[in-house]
Amino acid sequence: MVGPTRPQFVLFGSSIVQMSYGNNGWGAILTDLYSRKADILLRGYAGWNSRRALQILDRVFPKDAAIQPSLVIVYFGGNDSIHPHPTGLGPHVPLPEYIDNMTKIALHLKSLSDTTRIIFLSPPPVNEDQMRKDLRDGIHLSSEGSKIVVKEILKVIEEVDWEPNLNWKIMPSEFSEDSPYDPVSPAGVNLNISNSNSTFHGTMMNSFDF
């Protein structure tokens, strides 16, 4: 482990989570926004359903861990909803069991600490017409879809009354104190410009065209 210790955000789910760092994905965007503020940990498992997630929940989120996550973003459901196979094999999970599995996941995560917060992502709609083309599969998020997901996640974080506050605009940046190595004017006057509080991310978010 490296220090200093930052708040931990865990992305936990199936392929929509595992693939969230590629193709300008939503995990990559969040990691960029929270740089110097929080460590974003990826725990994505392509092809998994809620039943398999429940089986390894204690190993991914042990209750006796020295540091518990500040935020867990959970996504399972796309694979659960695949049509059942006649053999009974495959990823399909009946809806009542899916609801029960997700409830158990929520209760486990809530028990980790009093300050562990949870956001659940609902399964996206399936575009069957697009699935038939030689294009993206119609299920996994494009870069534009990822921007929408990030926008909605940030909206939740901004609107809820969580303590401590997990809004990326408010959370302190690591090593943000003034330094003699900060930029100065030609006359040697400190310009009070710190890269730790750059406005680039805010400009980037405002440039998203939703």
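Please refer to the structure placed before this passage.
All of the points below concern the structure found in this document. In this text the structure is predicted, and so the values were computed from the model without any measurement.

### Structural notes on the pattern of salt bridges
Consideration 1: One pass over the full model with this rule turns up 5 salt bridges.
Consideration 2: For the salt bridge of Arg6 with Glu174, the shortest nitrogen-to-oxygen distance reads 2.9 Å. Here the residue Arg6 occupies a position in the segment before β1 (8-13), and Glu174 occupies one in the loop between α7 (143-159) and α8 (200-206), the gap between them amounting to 168 residues.
Consideration 3: Look at Arg6 and you get partly exposed, because its relative accessible area is 22%.
Consideration 4: Residue Glu144 is joined to Lys147 by a salt bridge in which the shortest nitrogen-to-oxygen separation is 3.2 Å. Pair noted here: Glu144 and Lys147 are both in helix α7, with a separation of 3 residues, about one helical turn.
Consideration 5: The structure contains a network of salt bridges with shared partners spanning Arg6, Asp39 and Glu174.

### Focus on the packing of aromatic side chains
Consideration 1: Summed over all chains, the structure comprises 4 aromatic pairs.
Consideration 2: Ring centres 4.9 Å apart and planes at 70° place the aromatic pair Phe9 and Tyr34 in the edge-to-face group. Note that Phe9 is positioned in strand β1 and Tyr34 in the loop between α2 (26-33) and β2 (39-44), a separation of 25 residues in sequence.
Consideration 3: A relative accessible area of 2% places Phe9 in the buried class.
Consideration 4: Plain terms: the ring middles of Phe12 and Phe61 are 5.1 Å apart, the flat faces sit at 85° to each other, and that makes the pair edge-to-face. Placement of Phe12 in strand β1 and of Phe61 in the loop between α4 (57-60) and β3 (71-75) is noted, with a sequence separation of 49 residues between them.

Calculation criteria
Residues numbered from 1 in each chain as written. Predicted model: local features only at pLDDT ≥ 70, side-chain atom pairs only at ≥ 80, totals over all residues. Heavy atoms only, no water. Salt bridge = Lys/Arg side-chain N within 4 Å of Asp/Glu carboxyl O. Helix = DSSP H or I, 4+ residues; strand = E, 2+ residues; numbered from the N terminus. Buried < 20%, exposed > 50% of the residue type's maximum accessible area, 1.4 Å probe, protein only. Phe/Tyr/Trp six-rings, centres within 6.5 Å; stacked < 30°, edge-to-face > 60°.

Nothing here speaks to function; it is all geometry.
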